[in-house]
Amino acid sequence: AQSVAQPEDQVNVAEGNPLTVKCTYSVSGNPYLFWYVQYPNRGLQFLLKYITGDNLVKGSYGFEAEFNKSQTSFHLKKPSALVSDSALYFCAVTPPDSWGKLQFGAGTQVVVTP
Amino acid sequence: EPEVTQTPSHQVTQMGQEVILRCVPISNHLYFYWYRQILGQKVEFLVSFYNNEISEKSEIFDDQFSVERPDGSNFTLKIRSTKLEDSAMYFCASSERTGGGYTFGSGTRLTVV
């Protein structure tokens, strides 16, 4: 069975510092991997995805993520965090033979302080 | 930027009543989905829909749930007889193709009392 783990409930970072949100997965085969962000009372906004190709994926708002097959990880990163990046971040995975059935992690609350 | 639109944003209903949640996917998208998020819990897959039929559904999506694309633009989720545990945020999503970026709507918060 597929699963996604986000080991940190919350990440605190000062504005201007690097931000990392961790995600590991367990899926057979070659998964599709996604990051979404949710602001209060809003929907899920797509940040980036990994399907195939270059392990470093660049997405919206200056975020990037690195696919590491040996460690089955897909950590989200931003070199310099902004206060406006404070939100709930979800990692999601879907195996290629079960498209659309995204399995979400529990979410990580990011708090960026001025 | 194209959006997935969901209405209403918040619905309160009495236990046992039927509710219909409405979604307008992005116009050139062919694949449609419903997810739900119970307060404080993970976002969970309910159902995927393509070519006017259900492609896959989760264990949550029992006989009380149904989906329909009644016309060329709307995609609805019906809960026949709501239970207290159906209270959640329901998200509609669509995608142009499989493995593409899934665009989510802002959600409908359903409260069953």
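To be clear, the structure that these remarks concern was listed above.
The structure contained in this document is the topic of the report that follows. (Residues numbered from 1 in each chain as written. Chains lettered and ligands numbered in written order. Predicted model: local features only at pLDDT ≥ 70, side-chain atom pairs only at ≥ 80, totals over all residues. Heavy atoms only, no water.)

1. Considering the side chain of D85 of chain A
Part 1: Tracing the backbone through its elements, the reader meets D85 of chain A in the loop between strand 9 (73–78) and strand 10 (87–94).
Part 2: Looking at D85 of chain A, its side chain comes within polar contact range of the main-chain nitrogen of L82 of chain A, at 2.8 Å. (Helix = DSSP H or I, 4+ residues; strand = E, 2+ residues; numbered from the N terminus. Polar contact = N/O pair within 3.5 Å; in protein donor to acceptor, adjacent residues only side chain to side chain.)

2. Structural notes on the side chain of H29 of chain B
Residue and element names in this part refer to chain B.
Part 1: Tracing the backbone through its elements, the reader meets H29 in the loop between strand 3 (19–24) and strand 4 (31–37).
Part 2: Look at H29 and you get buried, because its relative accessible area is 9%.
Part 3: Here the side chain of H29 touches S95 through a polar contact of 3.3 Å, landing on its backbone nitrogen.
Part 4: When residues no more than four places from it in sequence are discounted, the contact partners of H29 are S94, S95, E96 and T103. (Buried < 20%, exposed > 50% of the residue type's maximum accessible area, 1.4 Å probe, protein only. Contact = heavy atoms within 4.5 Å.)

3. Digging into the packing of aromatic side chains
Part 1: With the rule as written, the count across this model stands at 20 aromatic pairs over all chains.
Part 2: Among the aromatic residues, ring-to-ring pairing joins F34, Y36, F46, F90 and F104 of chain A together with Y33, Y35, F45, F91, Y102 and F104 of chain B into one connected group. (Phe/Tyr/Trp six-rings, centres within 6.5 Å; stacked < 30°, edge-to-face > 60°.)

These figures come from the coordinates and say nothing about function on their own.
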